[in-house]
Amino acid sequence: SGKTHTVMGYRGENAGLMLQIRFAEIYNGKVYDLLNEHEECTVRQDKDGKVHIRSATVMHDDGKVTVNPLHSLNTDTQEGLDEIVALGMKMRKVGSSPVHDESSRSHALLYLEIVNRDLIALREARMLQEGEVTRIGKIHDDKYILEMGKCYHQDENGKYHQLSAEEAGADMEGVAVLLAEREAAEAVLADIVAQEQALKEASAANGVCVGGTLVLIDLAGSEYGATAGVKVTPKQRREGQEINKTLLALKECIRGMNSGAAHIPFRNSKLTMILKQHLQAKDSKTVMVTNISPSAEHLQKTVNTLQYAALVAEASK
């Protein structure tokens, strides 16, 4: 029935399942793409509440716009995965501290998603269509503002009066045409999204987890300023403050999930904004790996770490 081919596939054009890898870091409150020359990204929430990480918007010579997501690389081998992760790690922010010679100064997010060629093709089509919706939408909005501006007249007393489109000579028919074009583009985009969802559901029905994603988060260490009498630079102090702010935001979100709070403050940091959809997904599982020290000197930090891990475990049940 083709199960082996679907899962393992063959090299070349007959490849089966692959990993699509995205790799980002959050440093000093900003998000960077570790697989695209450390390009700064934006974090945006769409009308459905889903949070997206976007890199730079590209304007093409033909007028089309591409709204790029995090750069992704595909592989179907362990060696390929190792090479891609190593590439991203070279771009990550690290520093030295009294505790570690090489300490992570950023929160890293590594996405490992199971994909196939059909899903990759739909993703590329969706990215291009999202750019088309953005381009037509901007033209429509600019046209609407321009023509509506003609419909208001300011008299000698400074008061504004609204005129009809005919009186003002406003081209509202042109606005209507652009609106229809935008709605048509949005309908095409919705169809592509529906095809993506149908592909995932059909794959799941056959026991294959296309679209399934493992998100690995490596939280930054917070050693700066942790030891009495240790001198830190202004840069290290800023890094430490931002790291601790994000860790506190994550802890408060976990605490809110654990207590069943009506409002959980996911918007308090970029990290928690991004993780919201993963932490709250009905079919998701969360695991926290914590490192502790056997030294009596670090007893209180060990206790705090174990309490944090217990809080996460309780919230993830």
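Throughout, residues of each chain are indexed from 1 in the direction in which the sequence is written. Given that this is a predicted model, residues contribute local features only at a pLDDT of at least 70 and side-chain atom pairs are listed and counted only at 80 or more, while totals for whole chains, interfaces and linings are drawn from all residues. Values reported for side chains reflect all heavy atoms of the structure, with hydrogen atoms and water molecules removed beforehand.

## Regarding the side chain of Ser 55
Now for step 1: Only DSSP runs of H or I covering at least 4 residues are called helices, and only runs of E covering at least 2 are called strands; the numbering of each starts at the N terminus. Note on placement: Ser 55 falls in strand S4 (residues 51–59).
Now for step 2: Two N or O atoms count as a polar contact when they lie within 3.5 Å, although within protein this holds only if one can serve as hydrogen donor and the other as acceptor, and sequence-adjacent residues are included solely when both atoms are side-chain atoms. A distance of 3.3 Å separates a polar side-chain atom of Ser 55 from the backbone oxygen of Pro 69.

## Remarks on the pattern of salt bridges
Now for step 1: By definition, a salt bridge exists where a carboxyl oxygen of Asp or Glu is found within 4 Å of a side-chain nitrogen of Lys or Arg. What the rule picks out here adds up to 13 salt bridges.
Now for step 2: Glu 130 serves as the salt-bridge partner of Arg 126, at 3.4 Å between the closest nitrogen and oxygen. Of this pair, Arg 126 and Glu 130 both sit in helix H3 (residues 117–149), four residues apart, which is roughly one turn of that helix. Neither residue differs from the other here; Arg 126 and Glu 130 are each classed as buried.
Now for step 3: One network of salt bridges, in which partners are shared, links Arg 22, Arg 54, Glu 113, Arg 123, Arg 126, Glu 130 and Glu 196. Accessible area is worked out with a 1.4 Å probe on protein chains only. A residue is then buried under 20% of its type maximum, exposed over 50%, and partly exposed in between.

## What about unusual backbone geometry?
Working note: non-glycine residues mostly have negative phi, and peptide bonds are mostly trans.
Now for step 1: With a phi angle near 50°, Asn 28 is a residue other than glycine that sits in the positive phi range.
Now for step 2: Along the chain, Asn 28 falls in the loop between strand S1 (18–27) and strand S2 (30–33).
Now for step 3: One non-glycine residue with positive phi stands out, namely Glu 37, at about 60°.

## What about the nonpolar core?
Now for step 1: Residues belong to a common nonpolar core when they are buried Ala, Val, Leu, Ile, Met, Phe, Trp, Tyr or Cys residues joined through side-chain atoms within 4.5 Å. If you look at the biggest cluster of nonpolar residues, it comprises 25 residues, and the most contacted ones within it are Val 31, Ile 53, Leu 109, Tyr 111 and Ile 274.
Now for step 2: Contributing elements (two or more residues each) for this core: S1, strand S3 (39–45), S4, strand S9 (107–115), helix H6 (234–259), helix H7 (270–279) and helix H8 (299–315).
Now for step 3: No other element matches the five residues that H7 contributes to this core.

## Some details on the confidence of the model for the chain
Now for step 1: pLDDT is defined as a per-residue confidence score from the predictor, taking values between 0 and 100. Across the chain, the average pLDDT comes to 84, with 86% of residues at or above 70.
Now for step 2: Per-residue pLDDT, averaged within each element of the chain, yields its smallest value for helix H1 (residues 3–7) (49) and its largest for helix H5 (residues 172–205) (95).

## Side note on the environment of Met 59
Now for step 1: Locating Met 59 in the fold gives a position in strand S4.
Now for step 2: In this structure, the C-alpha to C-alpha distance between Met 59 and Arg 135, residues 76 residues apart in sequence, is 9.4 Å.

## Examining helix H2 (residues 78–91)
Now for step 1: Expected helix span is given by 1.5 Å per residue-to-residue step, counting one fewer step than there are residues. When the terminal C-alpha atoms of H2 are compared, their 21 Å separation across 14 residues agrees well with the 20 Å that a helix rising 1.5 Å per residue should span.
Now for step 2: Residues of H2 that are buried include every one of Gly 80, Leu 81, Ile 84 and Gly 88, and no others. All buried residues of H2 lie within an arc of 100° about the axis, which places them on one face of the element. Residues of H2 that are exposed and point more than 90 degrees away from the buried face comprise Gln 78, Glu 79, Glu 83 and Lys 90.
Now for step 3: The contact criterion used is simple: two residues touch if any of their non-hydrogen atoms lie within 4.5 Å. On its buried face, H2 is in contact with S1, strand S6 (73–75) and S9. The arc in question is the one traced by the directions running from the helix axis out to the C-beta atoms.

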